[in-house]
Amino acid sequence: MASPVGTPSGSSLLPKSASEEDLQAVMNLKMQKRKISNRESARRSRMRKQKHLDGLTAQIGQLRKENSQIMTSFTLTTQRFFAVQAENSVLRMQMVELSNRLQSLNDIFHFLKAKYSISSGPMITDDFINPWNLMRINQPIMASAENMFQY
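Just so it is clear, the structure is predicted and the values come from calculations on it, not from any experiment. (Residues numbered from 1 in each chain as written. Predicted model: local features only at pLDDT ≥ 70, side-chain atom pairs only at ≥ 80, totals over all residues. Heavy atoms only, no water.)

Caption draft 1: Region of the structure containing the overall build of the protein chain. Each helix and strand counted, the protein chain has two helices and zero strands in total. Looking at the 151 residues of the protein chain, the share that counts as buried comes to 8%. For the protein chain, long-range pairs separated by at least 24 residues make up 45% of all intrachain contacts whose partners lie at least 6 apart in sequence. Of the roughly 13300 Å² that the protein chain leaves accessible, carbon and sulfur atoms contribute 61%. (Helix = DSSP H or I, 4+ residues; strand = E, 2+ residues; numbered from the N terminus. Buried < 20%, exposed > 50% of the residue type's maximum accessible area, 1.4 Å probe, protein only. Contact = heavy atoms within 4.5 Å. Areas by Shrake-Rupley, 256 points an atom, 1.4 Å probe, with all protein chains shown as cover.)

Caption draft 2: Highlighting the pattern of salt bridges. Counted under the stated rule, the structure contains three salt bridges. Where Arg43 meets Glu40, a salt bridge forms, and the shortest distance between an N and an O atom there is 2.1 Å. Here Arg43 and its partner Glu40 are both found in helix H1 (residues 18-116), three residues apart, which amounts to about one turn of the helix. For Arg43, a relative accessible area of 35% puts it in the partly exposed group. (Salt bridge = Lys/Arg side-chain N within 4 Å of Asp/Glu carboxyl O.)

Caption draft 3: Main features of H1. For H1, with 99 residues, the first-to-last C-alpha span of 142 Å sits near the 147 Å given by 1.5 Å per residue. At the exit of H1 stands Ser117, carrying a positive phi of roughly 50°. (Expected span 1.5 Å × (residues − 1).)

Caption draft 4: Structural view of the confidence of the model for the protein chain. Confidence along the protein chain averages 81 in pLDDT terms, with 67% of residues attaining 70 or more. Note that pLDDT drops below 50 for residues 1-7; the model gives that stretch eight contacts with residues more than four away or on any other chain. (pLDDT = per-residue confidence, 0-100.)

What follows is the structure, encoded as structure tokens:
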């Protein structure tokens, strides 16, 4: 006759003992706890991922704002650079023109000094011969970016 206790073969036809049922209940309870734990872990993982995504989105907004400010600053700096470069060009042209005028005045002065045997110094009394008075006759220097080569 078959005994009421289960066989090692695990036949389900035989009734299980109380300890086997308790063991099965404990196993089911552990499995349920594990499922709950896994679900909670997955929920926490999704929350961390969303928080990270929100942080990255905020960082994108901040970097775009900074980029916009840098581009504005770069544009203004570039405009200033070109303005200074144009002004520098005008000043160089004025310097060349002034150097040429000074050389011409020095040439006139040396010519007049040699012709009239004028000693150096402020002893020149004739307004026409005095090179400093000749500068009043010349036109003022009017160099600009628009009319650099007008003279």
